[in-house]
Amino acid sequence: MRIVVLAGGIGGARFLRGLKAAAPDADVTVIGNTGDDIHLFGLKVCPDLDTVMYTLGGGINEEQGWGRTDETFRVKEELAAYGVGPDWFGLGDRDFATHIVRTQMLSAGYPLSAVTEALCARWKPGVRLLPMSDDRVETHVAVDDEGERRAIHFQEYWVRLRASVPAHAVVPVGADQAKPAPGVLEAIAEADVVLFPPSNPVVSIGTILAVPGIREAIADAGVPVVGLSPIVGDAPVRGMADKVLAAVGVESTAAAVAQHYGSGLLDGWLVDSVDEAAVAEVEAAGIRCRAVPLMMTDVDATAAMVREALALAEEVRA
Ligand code: FO1
């Protein structure tokens, strides 16, 4: 079975670990969000691609869900000693090697998709990891800072500010000129099912869908598209999705997120058991809906969610 998954960072990576357990023989292509990318110290950092690669490749810092395990921060300390910032983004020594290799290959003219393939040759994630685009897309967030409206990089909003101030707009800068990376549209066209894991619907999956051609390819693929709600009991399971959902005028409820994607895109939607009451509303919007446990507490729990999503896909296909 050919499965395509649109993945952001931590939630998407954990979901994929469950997918590999539930469907070990499936041919999985991950379309990774690159809107979180940030250029620091002359290096290109791709947080969501690296989180998927490290998580599935066994190098992730498990508690954090990002960065490498067994990290040290000598380079970060030396940069700070030179007064070279920013110091609010925790880049470890092992992680720096990834960004040096990536930046060296990009400078040599390789596209991000080729670079990602090369990095994955070491990590062997067991899925094909494609960036959503080889073109530069960087999500910025409009905030009020000392009385004036400013656009700041998503990472500054998310990591330095901890999303502590309202986001008035979320803009994937460059998305409208970006092209899907090689293999992305082909993977969607050949998929038997497309899954939206419980990633951030605005800054992760939303950014991937903002690349012209990707939303249309999924809507026209003629195969089941099934998503899992990142909102459980009117609150995000992790991260601060509610902050960016508010910025795009979407209520932080499981039903509202399904309707935000729309029945033109989604055929099925899983909500958590606590959101049983939302099933009727989602079904009324033309999206098949089931309430099942959605907390990715461990690989087995996640694998059970994956099996529910694949079962719903078959029900929709029928
Ligand atoms: N997230 C944080 O909350 N604090 C950090 O210091 C931090 C550093 C970091 C370094 C490399 C990397 O690949 C990811 C990193 N993240 C950090 C996570 C990053 O902000 C992710 O983009 C978000 O968590 C959303 O996916």
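Per an unreviewed UniProt entry, the protein chain is named Phosphoenolpyruvate transferase, and its organism is Streptomyces piniterrae. According to the UniProt record, the Sequence similarities (unreviewed entry) comment for the protein chain is "Belongs to the CofD family." The UniProt entry for the protein chain carries the following text under Subunit (unreviewed entry): "Homodimer."

On the secondary structure map, isoleucine 3 appears in strand β1 (residues 2-7). Note on isoleucine 3: relative accessible area 1%, which makes it buried. C-alpha separation for the pair isoleucine 3 and valine 193, spaced 190 residues apart in sequence, amounts to 5.2 Å. Apart from residues lying up to four places away in sequence, isoleucine 3 is in contact with Leu19, Ala23, Ala26, Asp27, Val28, Thr29, Val193, Leu195 and Leu310.

So, about the state of the cysteines. Inspection of every chain in the model, using the stated rule, returns zero disulfides. Just so you know, cysteine 46 is unpaired, no disulfide at all, and the nearest cysteine sulfur is the one on cysteine 120, 11 Å from it. Classification of cysteine 46 by relative accessible area gives buried; the value is 0%.

What follows concerns the side chain of lysine 44. Here lysine 44 shows up in strand β4 (residues 43-45). Overall, lysine 44 belongs to the buried group, its relative accessible area being 9%. Side-chain polar atoms of lysine 44 contact the side chain of aspartate 37, separated by 3.3 Å. With residues near it in sequence (within four places) discarded, lysine 44 still touches Asp37, Ile38, His39, His99, Arg102, Thr103, Leu106 and Leu112.

Moving on to the sheet that holds strand β2 (residues 27-32). With parallel pairing, the seven strands of this open sheet are ordered in space as β5-β2-β1-β9-β10-β13-β14. Each edge of the open sheet carries a strand with a single partner, namely β5 (128-131) and β14 (288-291). Each neighbouring strand pair of the sheet contributes to a mean axis angle of 20 degrees, computed without reference to strand direction. Relative to β2, β1 runs parallel, the two sharing six bridges. Bridge pairing links arginine 2 to aspartate 27 in β2. Strands β1, β2, β9 (193-196) and β10 (225-228) of the sheet are contacted by helix α1 (residues 10-22), whose axis makes an angle of about 160 degrees with β1. Sitting on the sheet, helix α2 (residues 47-57) is in contact with β1, β2 and β5, with an inclination near 175 degrees to β5.

Rules behind the numbers
- Residues numbered from 1 in each chain as written.
- Predicted model: local features only at pLDDT ≥ 70, side-chain atom pairs only at ≥ 80, totals over all residues.
- Heavy atoms only, no water.
- UniProt positions renumbered as here; feature names shortened; annotations may be inferred.
- Helix = DSSP H or I, 4+ residues; strand = E, 2+ residues; numbered from the N terminus.
- Buried < 20%, exposed > 50% of the residue type's maximum accessible area, 1.4 Å probe, protein only.
- Contact = heavy atoms within 4.5 Å.
- Disulfide = S-S within 2.5 Å.
- Polar contact = N/O pair within 3.5 Å; in protein donor to acceptor, adjacent residues only side chain to side chain.
- Pairing = 2+ DSSP bridges.
- Axes fitted to C-alpha atoms, helices over the stretch in contact; angles between N-to-C directions.

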